[in-house]
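# Summary of the model geometry
If you want the building blocks of each chain, they are given just below.
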Amino acid sequence: MFTRPSCSFQDWPVWGYLPVLTALAAVWAQGVIFAQSTGGGELKLDTGQQIYEAACIGCHGPGGKGQPQSILGFTPPATFPDFSDCNGTVRERVLDWKATIHEGGPAGRAFSEIMPSFSEALTAEQIDMVAQYLRTLCTETVWPPGELNLPRALGTEKAFPEDEAVLTTGINTTKDGNVENEFVYEMRIGARNQLEVSFPFGFAQQGSGGSWFGGVGDLALGLKRVLYHHLSSNIGSIFSLQGEVSLPTGNKNKGLGSGILSFKTFAAFGQLLPRMSFVQVQAGAELPKDTTKAPQSVFWNTAVGKTFVQRQGLGRIWTPMVEFLSSRDLVDGAKTDWDILPQIQVSLSKRQHILANVGVRIPTNNTAARATQLVFYVLWDWFDGGLREGWR
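Calculation rules
Residues numbered from 1 in each chain as written. Predicted model: local features only at pLDDT ≥ 70, side-chain atom pairs only at ≥ 80, totals over all residues. Heavy atoms only, no water. Helix = DSSP H or I, 4+ residues; strand = E, 2+ residues; numbered from the N terminus. Buried < 20%, exposed > 50% of the residue type's maximum accessible area, 1.4 Å probe, protein only. Contact = heavy atoms within 4.5 Å. Areas by Shrake-Rupley, 256 points an atom, 1.4 Å probe, with all protein chains shown as cover. Salt bridge = Lys/Arg side-chain N within 4 Å of Asp/Glu carboxyl O. Phe/Tyr/Trp six-rings, centres within 6.5 Å; stacked < 30°, edge-to-face > 60°. Lys NZ or Arg CZ within 6 Å of the ring centre and 35° of its normal. Polar contact = N/O pair within 3.5 Å; in protein donor to acceptor, adjacent residues only side chain to side chain. Pairing = 2+ DSSP bridges. Expected span 1.5 Å × (residues − 1).

### Digging into the overall build of the protein
Along its length, the protein carries nine helices and 14 strands. Counting all 392 residues of the protein, 49% fall into the buried class. When contacts within the protein are restricted to residue pairs at least 6 apart in sequence, long-range pairs at least 24 apart make up 57% of them. Per element, the accessible surface of the protein, about 18900 Å² overall, is 59% carbon and sulfur.

### Quick notes on the pattern of salt bridges
Counted by the stated rule, this structure contains twelve salt bridges. Two residues, Asp163 and Arg91, come together in a salt bridge whose shortest N-O distance is 3.0 Å. One end of the pair, Asp163, is in the loop between helix H8 (124-136) and strand S1 (164-172); the other, Arg91, is in the loop between helix H5 (86-89) and helix H6 (94-103), and 72 residues separate them in sequence. Here the two residues Asp163 and Arg91 agree in accessibility, since each one is buried. In this structure, a network of salt bridges that share partners links the residues Arg152, Lys158, Glu164 and Glu186.

### Description of the packing of aromatic side chains
This structure, assessed with the given rule, holds four aromatic pairs. A centroid spacing of 5.8 Å and a plane angle of 40 degrees characterise the contact between Phe199 and Phe201, whose relative ring orientation is tilted. Residue class for Phe199 comes out partly exposed when judged on its relative accessible area of 35%. Since its relative accessible area comes to 27%, Phe201 is described here as partly exposed. The positively charged end of Arg91 is found above the aromatic ring belonging to Phe383, 3.6 Å away from the centroid. The positively charged end of Lys306 is found above the aromatic ring belonging to Phe308, 5.2 Å away from the centroid.

### Let's talk about the side chain of His229
Structurally, His229 is set in strand S5 (residues 220-232). A polar contact is formed between the side chain of His229 and the backbone oxygen of Thr141, at a distance of 3.4 Å. Filtering out sequence-adjacent residues up to four positions away, His229 remains in contact with Thr141, Val142, Trp143, Pro144, Pro145, Leu148, Arg192, Ser237 and Ile238.

### Thoughts on the pairing of S1
Consecutive side chains of a regular strand alternate in pointing toward one face of the sheet and then the other. Of all the nine residues making up S1, seven are buried; the element is thus mostly covered by neighbouring parts of the structure. In this sheet, strand S2 (residues 178-189) lies alongside S1 in antiparallel orientation, the contact comprising eight bridges. Counterpart to Leu167 in the pairing with S2 is Phe183. Count of turn residues in the S1/S2 antiparallel hairpin: five residues, of which Lys175 carries a positive phi of about 65 degrees.

### Brief notes about H8
In a regular helix each residue adds 1.5 Å, so 13 residues correspond to 18 Å; H8 covers 19 Å between its end C-alpha atoms and thus fits that length. For H8, the set of buried residues is Gln126, Ile127, Val130, Ala131, Tyr133, Leu134 and Arg135. The inward-facing, buried residues of H8 abut helix H2 (48-55), H5 and H6.

### Re H2
Of all eight residues in H2, six are buried, a share of seventy percent or more. For H2, every residue scored as buried is listed here: Gly48, Ile51, Tyr52, Glu53, Ala54 and Ala55.

Here is the structure:
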């Protein structure tokens, strides 16, 4: 999206705005002249491309690659983004492009001050058309669109490959004291792949009123690949496979992982439904190397939710979800454990790259052996900016 500048207009004296505003007016005029020259002398705003050529090409250049400074006539605070770069363009939702075009850089998603608001120059329909046109500047269809980057649930892995850092914590609210933490670092590789590193750690109480101890669980390394994706008219689906290997760094006796070399594989499916509702499904198996110390098991997780966006789709996002989580050991006489996990995710930063989620995991059977947990995470989409960026 739009790159945040290295300096701020707020640091300029009032007269410092004049040359920039004059230059922007010249740029707008240049775009109008370009549109007139390519449209038979009459300015038309009937398609996203025509709107782009009339209102945007002056700064963002033909094909969205950015105009050189020699044509701009002024020094921009930062380089312009390359909209033809699939890695930067396709992963973003059209909703975010529309917010930036409508509100401008700072007010929309806390991007560059040089990006003006077009709310008075373009209608909502025209803004939607030009945002959709920006997406077409990437011609490689292997990249899954950002609309399929469904909200991350607390227990169900999503299918979309991401660049994220997530810290999740689960705290027992019943039975013995226990605090489970997991730090997950995800890095996208190309269009369809993702590398994932998991670092679990926790604290447990030795019996009611006993002393506490802490330690590291089983470190894990995983690789995800998207096998299928499709999006049409804000309805779409995505399907991925992931494999993981867990190292025996934990201690089962202390409740910190299994302490056994183990393999995990699962399939993840996401379905985007009308009006920003969705269903996500994850199913797989955990396969320890030594089954005499830990049994093989299977699991099935499902998340159902809907996203609400404040200010007619331009502001903070809220996503209530409910998950149904199940697992079963592959041994004779084992029963399937079922949990329900209601939760709500909310964006914290204006750029929506910092999010939080909180919920309660409630066992619905085998409650004598399993505790209710308060679960929450903080998520940082580091591709979209630093921890201190994008707040205002």
